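Residue-level structure breakdown
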Amino acid sequence: MSSSTTARSDELIFFVNGRKIIEKNADPERMLLSYLRKRLHLTGTKYGCGTGGCGACTVMISTYEPFSKKIQHCSANACLIPICCLYGAAVTTVEGIGSVKSRIHPVQERIAKCHGSQCGFCTPGMVMSIYALLRNHPEPTMEQISEALAGNLCRCTGYRPIIDACKTFCKDLDCCKIRENENCCLDLKENLLLSEKGKEICTKLFATDEFQPWDSTQELIFPPKLLLMAKEQRKRTLVFYGERTTWISPVSLKELLELKAKYPKAPLVVGNTSVGPEIKCKGVFHPVIISPIRVLELNFLNFTSNGLTLGAACSLSLVKDILTSTVSEIPEEKTKVFRALLQQLKTLGGQQIRNIASLGGNIIKQHTTSDLNPILAVSNSLLNLASLAGGTRQISLNEHFSSGFGKAILKPEEILVSLSIPYSKTGEFVAAFRQAQRRENALSIVNAGMRLILDPGTDIIMDFGIFYGNVASTTVCAKKSCQALIGRCWNEQMLEEACKLLLEEVSIPGSAPGGKVEYKRTLIVSFFFKFYLEVLQGLKLMYPHRYCDTIEKRKSIPDVFHNKIPQSSQIYQAVDPEQLSQDPVGRPLMHLAGIKHATGEAIYCDDIRAVEEELFLAIVTSSRPHAKIISIDLSDALKLPGVIDVITVQDIPGTNEFCCINEPESVFANHKVICVGQIICAVVADTDVHAKRAAVKVKITYEALEPVILTIEEAIKNNSFYDPERKLEQGNVDEAFETVDQILEGEIHIGGQEHFYMETQSVLVVPKGEDKEMDVYVSSQHPTFTQELVASVLNVPSSRIMCHVKRVGGGFGGKVTKPAILAAVTAVAANKTGRVVRCILDRGDDMLITGGRHPFLGKYRVGFMNDGRIMALDVRYYSNGGCTADESIVIMETALLRMDNAYMIPNLRCWGKVCKTNLPSNTAFRGFGFPQSALVTESWITDVAIKTGLSPEKIREINMYKKGNQTHYKQDLDPNNLVKCWNECMEKSSYYIRKTAVDKFNKQNYWKKKGIAIIPLKYSIGFEAMFLNQAAALVHIYMDGSVLVTHGGVELGQGIHTKIMQVASRELKIPTSFIHICETSTVTVPNTRPTAASIGTDINGMAVKNACQTLLKRLQPIMDKNPEGTWKDWVTGAFRQSISLSATGFFRGYDTNMNWDKGEGRPFEYFVYGAACSEVEIDCLTGDHKNIRTDIIMDVGCSLNPAVDIGQIEGAFVQGLGLYTMEELKYSPEGVLYTRGPDQYKIPAVCDIPEQFSVSLLSSSQNPNAIYSSKAVGEPALFLGCSVFFAIKDAVAAARQERGITGTFTFHSPSTAERIRMACVDQFTKMIPWDEPESYVPWAVPVDQSLLSQQIPQEQERFQYAMDPQTDLKRVLSAATPPNTLIIFPEGQERSSLKQEQVCQTLLTLWAGVCDMGPAHGLDE
Ligand SMILES: Cc1cc2nc3c(=O)[nH]c(=O)nc-3n(C[C@H](O)[C@H](O)[C@H](O)COP(=O)(O)OP(=O)(O)OC[C@H]3O[C@@H](n4cnc5c(N)ncnc54)[C@H](O)[C@@H]3O)c2cc1C
Ligand code: FES
Ligand code: FES
């Protein structure tokens, strides 16, 4: 069936924002997001990923539920909702709840006024998630807020202000309820206020009394017409025919079965959360789709005497709600399966996904990854199936998964009608486990369901089941292992045997997709060990006398970390009481576009309305890392409907080559490709859908070229580098190494990072039809570079290209050079076709093509004295630059210049080389090399601490810059504020008290550990070349007194326009309401420098100040003559006297310089200082970690706008936390980036924010070098995210020490759950099989040259030596050891019966000795 049939589509009737929509040609392939944006021009709903992972497209869907006879409101991802499933639904978008033109909604107002938006691209999605929450829970709890926001990502704010906005709707504000050693969060602010008394300290960034009240009764009602339709209209099958696909929506089970029999290959689409991403990302095509959402027989729930039966189309949210109320109503012993399911459901996807994803879909489609299947299988849940020919049948998931791999659950014509979940029985133990890259909204790496029945009154295993997910192509049953254990006692011997059996039965090959093989193997046994302890704990409750010691040990079992809504404080200095009330400088003004962000009225590039005959461009990229292009066959692509042309290098009228700095690059690949993702050609078509369909039809034949270099290691081997190599040196390093007490060597790898700006790269090119003029609307941090590149490919003067940037939905460095290349391609297409052309990259293409932060390798040699003074340092940095130079050399230069961080090392040598590889070219990213080079620094500082036996903070203090010191490139600096930040951070974080508490905690807990770290920061500001620091502005005063300010800085979300307006307001002495900033354009301000390096406000502020002063000077005589006049009077007076009311302003730039030959200079204008202290807890068995608390002190001079500055600090910190602890890019051995969306690449979400998060701006700080004594703030705090990394390392070190492994250890960044777990070496990591590196092709290659898989086995060996001589030692240290343990020593065969504590202590001492002494010394008494 298809559109070619003569049958007519049904009308699709639904409502959007109270307006009835009748769509006569509903296309089943059309998603709500594109319908809203393109058809209804409701562009408030944003595209962030298209696969349900980011929440930018969140809307509220309201439906009348025939089963409950209630109206339901739920948040949902518009990118995954086919419009055809909206029949009878009411959609509410951000535009529907409030608007600047009418009335803004309290949610919109509060998000904006609480400073919850920066770039604003995620904001409409956030608003809609909160709005939907309030529709269901007008006074939500903190837990509900946390759940509601779990599916929304924000790359700018760090979430804190968004959470603060949500909290204003809570009835009772919960507090952190932490009163262990110190105050709870509610005391925090008060105490700070007290301690700072007299210093005019502020802790409020917004005033709640300004907020409109929230009245839940005033909201849009469900359209009565839809209610009538739902209640009265006889339901009938609906059919929608699209261009290629037919959608059939039956209303009865009978009809559904008939359809399934007729179209056995057609998917049953309920939530489309599985089918949708497959269509989008894997190109799967379905000519027919059957939608069972209106079939009542699949939408029901029923309690029976055996358990609960749920219709297969029930949403996961509904299932969660039902289970939640059931577990609170019926006895616990009956609900163990329900509880285990609930535990998984809480973190499965985000709220939006759970609201639409169906239970049936999860079971049937997610057979590998489902978090529910292992529990459903182990609990003997039954699937009730039906088909037209076969009638009904029931299968047990247990039997299904036990019977072998890969078998489909259903026959092709069969459907799942419902699922029956049994009640648990008395004495039954059931548990669920999962570990993911991120705690929420992330598919698990491994999950498991376990169930045990013991012979009543004994610990003998009667019935036992274990199922694992994500370890093979389907859920796996450990059947043989469980059977072998039946009849065994639940004790230590069983544990060891069980682990061996499990590892044998559930074997994962070295090359398994998804990688992390050793980690997955470890999780298999670690999860089992957790279950083992949980059962012992249960037995202890049942038989307290028999298991008397387990309570103590239980303390140590790591619980699942639950997310708490963070408590936070923000502290800054108030403005001088003498300051005029109209003067906004220094006050926490809301982001200029904050309200528009929240109402969805802020216009981004892709929100610009399409014009008639506009074309869409889709890029065709290389699928090979290094190859000759033999041929490009366009014939199939050109045949497709809607395709206009394919643009190739031959269509360029100007030049294909360009230079970012000095190495030539090309816009289109010509003859040869040098990475996967390089642009080869581009299709232009009438719609984005047609262009993308055609792009995949372009056939390119290649001839492979050698070598293919992907990793730093391979680049070193092949001597493949970009020139020049850079080096800085001070003192006499070689001589110093001769005189030091100790020398250590080490290395650390730092993985790359994806910018993940929420707005993907976007450009719209409008040929103006005369003089070869073109308007280029682009999401760019560097409009001038875009202008120049477009002019050069078109061979026209730059004066013909007008580049406009209204705002950018996040840049972080990723939109400095890359947008120009896309703009050039798009401009060539516009030039060739003479039509407007739009190019909006898909998230996957964006991640593939545009590169990110450079992975780094740092190798160091450090010489130091036993008292902690570091005397000599030799460090080599290698970065993976990718296939073109881009800005890599400058990034490496900055990395070297900033590598000292806060320390003065008298004899220092550092080298930097950029590797030329066949990866997409890496580029600028917030921090510009510093976050990598300084992490290496903090790493060797930590190593020196371990070697000297001093604390890391002592080593930091001893070596910190002192008054009179110079940097390693001979620039003077005054470290006064560095020391102040450090001391204040120590004090505010109660560092020493908490460190003692951490040590105490660690002594009491074996399987969970805490760690704490405090890190100082010195960040240098300015470009080393003076001309890069210049800026210009143009200010017009109109006759009505209104002022238009334009300057060279781009609004990226960092609040530059807000701060610039504050500057203009102060200079012109007029209220901000008189001032407007419209866009950044090459028309108004030419030759702009990139808005980067944190100095946007510094330099453009100076230029605006200059222009305003010129104007004020001109107005002054008129003002003097009429001092009582108004601003408008003076302006009119000036006009009448023919005084120009327009002025340009200019700032020449900082007087910076750097001589690389001499290694000396003054490359920076000034320094920003700071410090952060973070505390974490890790789960040694899974590698999970929880961020407990972070305190940051930052010196931002006299803040121009404390709300904006604190927002930048928090946002940067959280981005740094992502870099150092969770974000991982994965490449295949063929150089293909796997991680191309939020489903695979995890940036921090709400669950990752420290539970206590405080930011203080250093008071009384002055900075004569920048405008109004302020300091740059955008980048520095990103590095402070590494305080979390080092806190984790501290916790890992505590675990290792307890296991007898002392000394320095290599710990690469990011400190993912995998790395944490594998570094906490224990009997389980030792037990797993390790593959010989040469024996398999790994799924992913370590482009930062990670040696994880080679490093761990050495440690295992060492550990094995300490452990092996006595198996019973394991028992002593495992968490469930009987009170009196028999110790059998290997050599003397002596026996002694000691108290467990004594044994532990003795053995630990001996153990430490063994480890230090080496294998010649065995253990003896
Ligand atoms: C961002 C995101 C995060 C996620 N996170 C997790 C997670 O953490 N853990 C996890 O387990 N899952 C996760 N998922 C997967 C999600 O749970 C499943 O995609 C979802 O449950 C599938 O349900 P659906 O209704 O959307 O399926 P659809 O996409 O509508 O259909 C799925 C498939 O199942 C078949 N099917 C559906 N119902 C029936 C039926 N009644 N009879 C026969 N066949 C049927 C269809 O034929 C179709 O092929 C995530 C998904 C996304 C998009
Ligand atoms: S765009 Fe829909 S979730 Fe990202
Ligand atoms: S404000 Fe959230 S992504 Fe920019």
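The structure displayed is predicted, hence computed values, not measured ones. Residues take numbers from 1 onward in each chain, read along the sequence in its written order. As a convention, the first chain written is A and the first ligand written is 1, with the rest following in written order. Where local features are concerned, this predicted model is filtered to residues with pLDDT of at least 70; where side-chain atom pairs are given and counted, the filter is 80 or more; whole-chain, interface and lining totals use all residues. Based on all heavy atoms of the structure, the side-chain values leave hydrogens and waters out of the count.

Further remarks concern the pattern of salt bridges. Any Lys or Arg side-chain nitrogen found within 4 Å of a carboxyl oxygen on Asp or Glu counts as a salt bridge. Tallying each qualifying case throughout the model produces 69 salt bridges. Salt-bridge contacts for lysine 530 lead to aspartate 1179; the nearest nitrogen and oxygen are separated by 2.6 Å. Of this pair, lysine 530 sits in helix H19 (residues 517–542) while aspartate 1179 sits in strand E45 (residues 1166–1179), placing them 649 residues apart in sequence. On the accessibility criterion, aspartate 1179 (2% relative accessible area) is buried. Residues lysine 954 and glutamate 957 are paired through a salt bridge, measuring 3.2 Å at the closest nitrogen-oxygen approach. Of this pair, lysine 954 and glutamate 957 both sit in helix H31 (residues 952–959), three residues apart, which is roughly one turn of that helix. Burial classes: relative accessible area under 20% of the type maximum marks a residue as buried, over 50% as exposed, and values in between as partly exposed (1.4 Å probe, protein chains only). Lysine 954 sits in the partly exposed class, given a relative accessible area of 35%. Look at the salt bridges and you will find they share partners, linking Arg37, Lys46, Asp606, Asp607, Glu614 and Arg838 into a network. The helix and strand labels rest on DSSP assignments: H or I over at least four residues marks a helix, E over at least two residues marks a strand, and numbering proceeds from the N terminus.

Here the focus is the site of ligand 1. Throughout this document, a residue counts as near a molecule or strand when at least one of its heavy atoms sits within 4 Å of that molecule or strand. Around ligand 1, a shell composed of 35 residues is seen, among which Val270, Thr273, Val275, Ser358 and Leu416 lie nearest. Within the backbone of alanine 442, one N or O atom sits 3.5 Å away from an oxygen atom of ligand 1. A total of 980 Å² of accessible area belongs to ligand 1 in isolation, and the protein chains cover 94% of it. Tallied by class, residues from the shell around ligand 1 come to 17 nonpolar, 15 polar and three charged. Polar contact criterion, stated in full: a pair of N or O atoms within 3.5 Å, where within protein one must be able to donate a hydrogen and the other to accept it, and residues adjacent in sequence count only if both atoms are side-chain atoms. Only the protein chains shown count as covering a residue, and every accessible area follows the Shrake-Rupley method with a 1.4 Å probe. Polar here means any residue outside two lists: the nonpolar Ala, Val, Leu, Ile, Met, Phe, Trp, Tyr, Cys and Pro, and the charged Asp, Glu, Lys and Arg; Gly therefore counts as polar.

Right, let's talk about the side chain of serine 1311 for a bit. Summarising the element assignment, serine 1311 is placed in the loop between helix H38 (1282–1298) and helix H39 (1313–1319). Exposure remark for serine 1311: the relative accessible area of 0% places this residue in the buried category. With sequence-adjacent residues up to four places away left out, serine 1311 is seen in contact with Tyr1220, Thr1221, Phe1285, Ile1288 and Ile1316. Only heavy atoms matter for contacts: two residues are in contact if any of them lie within 4.5 Å across the pair.

UniProt positions are given in the numbering used here, feature names are shortened, and annotations may be inferred rather than shown by experiment. Residues annotated in UniProt with the feature "binding site: substrate" (unreviewed entry) correspond here to Phe928. When you line up the elements, phenylalanine 928 lands in the loop between strand E36 (907–916) and helix H30 (930–948). Phenylalanine 928 has contacts with Arg853, Glu887, Val890, Ile891, Thr894, Ala895, Arg898 and Glu1275, leaving out every residue within four places of it along the chain.

With four of five residues buried, strand E22 (residues 643–647) is to be regarded as a mostly interior element. Note: E22 against strand E26 (residues 679–685), four bridges, orientation antiparallel. Bridge assignment links valine 643 to a residue of E26, and that residue is alanine 685. Note on pairing: DSSP must find at least two bridges between two strands before they are called paired.

Right, let's get into the sheet that holds strand E42 (residues 1142–1147). Here four strands make up an open sheet; going across it, the order is E40-E39-E38-E42 and the pairing mixed. Across the chains shown, the open sheet's two edge strands, defined by having one partner strand only, are strand E40 (1075–1076) and E42. In this sheet, E42 lies alongside strand E38 (residues 1031–1037) in antiparallel orientation, the contact comprising six bridges. Pairing of alanine 1031 across the sheet is with phenylalanine 1147, part of E42. Packing against the sheet, helix H35 (residues 1096–1121) makes contact with E38, strand E39 (1043–1047) and E42, and its axis sits at approximately 140 degrees to E42. Here an axis means a line fitted to C-alpha atoms, over the contact stretch when the element is a helix, while the angle between two N-to-C directions is reported on a 0 to 180 degree scale.

Two numbers describe how helix H5 (residues 142–149) lies on helix H6 (residues 160–167): the axes approach to 11 Å, and their chain directions differ by 135 degrees. The angle between the axes of H5 and H6 places the two elements in the oblique class. The two elements H5 and H6 meet at a crossing, and its hand is right-handed. Every residue of H6 that contacts H5 at Met142, Ile145 and Leu149 is listed here: Ile162, Ile163, Cys166 and Lys167. Each angle is binned into one of four classes, with values under 35 degrees roughly parallel, values over 145 roughly antiparallel, values of 65 to 115 roughly perpendicular, and all other values oblique. For any pair of crossing helices, the crossing counts as left-handed if the nearer helix is rotated counterclockwise from the farther one by less than a right angle, and right-handed if it is rotated clockwise.

Here the focus is the state of the cysteines. Here a disulfide denotes one covalent bond, and it connects the sulfur atoms of two cysteines. The term disulfide is used for any two cysteine sulfur atoms that are within 2.5 Å. Tallying each qualifying case throughout the model produces zero disulfides. Cysteine cysteine 170 remains unbridged, with the sulfur of cysteine 166 as its closest cysteine sulfur at 7.8 Å. Here cysteine 202 is not cross-linked by a disulfide; its sulfur's nearest cysteine counterpart is in cysteine 1198, at 14 Å. According to the relative accessible area criterion, cysteine 202 is partly exposed, its value standing at 21%.

A few words on the nonpolar core. By nonpolar core is meant a set of buried Ala, Val, Leu, Ile, Met, Phe, Trp, Tyr and Cys residues that side-chain atoms within 4.5 Å join together. Residues Phe464, Tyr468, Trp490, Phe528, Phe531 and Met1194 are the most contacted members of the largest nonpolar core, which totals 254 residues. Top contributing element to this core by residue count: H19, with 14 residues. Beyond its immediate sequence surroundings of up to four residues, tyrosine 468 is in contact with Pro374, Val446, Asn447, Ala448, Met450, Thr474, Thr475, Val476, Leu502, Val506, Ile524 and Phe528. Counting residues in hydrophobic clusters, the runner-up holds 72 residues, among them Cys85, Leu416, Phe467 and Cys477.

Before going further, it helps to spend a moment on the environment of alanine 165. Locating alanine 165 in the fold gives a position in helix H6. Look at alanine 165 and you get buried, because its relative accessible area is 2%. For alanine 165 and threonine 208, which are 43 residues apart along the polypeptide, the C-alpha to C-alpha distance reads 9.6 Å. Filtering out sequence-adjacent residues up to four positions away, alanine 165 remains in contact with Arg110, Ile111 and Cys114.

Take the packing of aromatic side chains next. Two descriptors summarise a pair of aromatic rings, namely the distance from one centre to the other and the angle between the planes of the rings. Pairing of aromatic rings covers Phe, Tyr and Trp, the last through its six-membered ring, and needs centres within 6.5 Å; plane angles under 30 degrees mean stacked, over 60 mean edge-to-face, and all others mean tilted. This structure, assessed with the given rule, holds 32 aromatic pairs. Ring plane angle 20 degrees and centroid distance 6.0 Å describe the contact between phenylalanine 206 and phenylalanine 211, whose orientation is recorded as stacked. The rings of Phe464, Trp490, Phe528, Phe529, Phe531, Tyr532, Tyr1006, Trp1007 and Phe1324 are connected pair by pair, giving a single aromatic cluster. For the cation-ring pair, arginine 110 lies above phenylalanine 169, with the distance from its terminal atom to the ring centre recorded as 4.2 Å. Each ring is checked for a lysine NZ or an arginine CZ that lies within 6 Å of its centre and within 35 degrees of its normal; such an atom marks a charge sitting over the ring. When the ring centre of tyrosine 1268 is taken as origin, the NZ or CZ atom of arginine 1066, which lies over that ring, is 4.6 Å away.

Another point: helix H4 (residues 123–136). What a helix is expected to span follows from its residue count: subtract one and scale by 1.5 Å. A rise of 1.5 Å per residue sets the reference length of H4, with its 14 residues, at 20 Å; its end C-alpha atoms lie 20 Å apart and thus fit the reference within 8%. Extensive coverage of H4 is indicated by the burial of 13 of its 14 residues.

It is at 9 Å that the axes of H4 and H5 come closest, and there the two elements cross at 140 degrees. As judged from the angle between their axes, H4 and H5 are oblique. Handedness of the crossing formed by H4 with H5: right-handed. Contacts between H4 and H5 pair Met126, Ser129, Ile130 and Leu133 from the former with Gln144, Ile145, Ala148 and Leu149 from the latter.

Attention shifts here to the confidence of the model for the protein. Each residue carries a pLDDT score, the predictor's own confidence in it, on a scale running from 0 to 100. On average, residues of the protein carry a pLDDT of 91, and 91% of them reach 70 or more. Taken together, the stretch residues 1–5 has pLDDT below 50 and engages in 13 contacts with residues farther than four places along the chain or on a different chain. Throughout residues 176–182 the model reports pLDDT below 50, and contacts reaching past four residues in sequence, or to other chains, amount to 16 contacts.

So, about the pairing of strand E17 (residues 461–469). For E17, a buried count of seven out of nine residues is recorded, marking the element as mostly surrounded by other parts of the structure. Between the antiparallel neighbours strand E16 (residues 444–454) and E17 lie six residues, among them glycine 457 with a positive phi of about 80 degrees. With two bridges joining them, E17 and strand E18 (residues 476–477) adopt antiparallel strand pairing. Residue pairing across strands places tyrosine 468 opposite valine 476, the latter belonging to E18. Where E17 hands over to E18, the hairpin turn is made up of six residues, of which asparagine 470 adopts a positive phi near 75 degrees.

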